[in-house]
Every structure is written in structure tokens, then in C-alpha cells.
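# Structural overview for review
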Amino acid sequence: MYIHLGGDVLINKNKIVAIIDLETVTEGKINEQFLRKIKNNKNINYISESGKEKTLIITLKEHYLSPISSTTLFKRGDLRDTAELV
């Protein structure tokens, strides 16, 4: 099954490693450093306009900054069961 991340981007849900809500990730210094390193990574795809990112999606090969909330993405991919495992 594929998940629409925003814009014209669809990815296979089996390739998703993590879906991170950007509002909560910025609450700690370590999280901010992690996010800064991800943003400096060459494998990041900006799906939304700058400043409108809500979610970071991490896959094995690429990362995506999406304007769609993490809750919506979990629902779209029916990922609720996998979230309980983490």
C-alpha cells in the first residue's frame, strides 16, 4: 500500500522507518540537533513550503518533510498497529 505524503509524493508504507511530528521533536536539545542533521542531509525532500512542515518521514534511503500531520499520515497508511510496537 502507498501513502500520499503531500504534493505529488507517494511512497510504499513498507519503506517507512519513522513518522515524526515536528512540533514534538523540537522540545529537546538532542531532538533539535537530530532534526538539524536531517535537514542538512542531501537525501531530504521538501514537499511543503518552508515553514509549513508538520511531519518528518524517514525511510532507509530518503527523508521527507511533509505539510500533512503525522496523525493523518498514520491514518492514511493504517499504521496505528505498528505505532504501538514502537
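In what follows, the structure referred to is the one given above.
Rules of the game
Residues numbered from 1 in each chain as written. Predicted model: local features only at pLDDT ≥ 70, side-chain atom pairs only at ≥ 80, totals over all residues. Heavy atoms only, no water. Helix = DSSP H or I, 4+ residues; strand = E, 2+ residues; numbered from the N terminus. Buried < 20%, exposed > 50% of the residue type's maximum accessible area, 1.4 Å probe, protein only. Core = buried A, V, L, I, M, F, W, Y, C linked by side-chain atoms within 4.5 Å.

### Concerning the environment of K42
Along the chain, K42 turns up in the loop between α2 (29–40) and β4 (44–46). For K42, a relative accessible area of 82% translates into the label exposed.

### Observations regarding the nonpolar core
Of all hydrophobic cores here, the largest spans ten residues; its members are I3, L5, I11, I16, I19, I47, I57, Y64, I68 and L73. For this core, the elements supplying multiple residues, two or more each, are β1 (2–6) and β3 (16–21). If you look at the next biggest cluster of nonpolar residues, it comprises nine residues, including I20, I38, I44 and I58.

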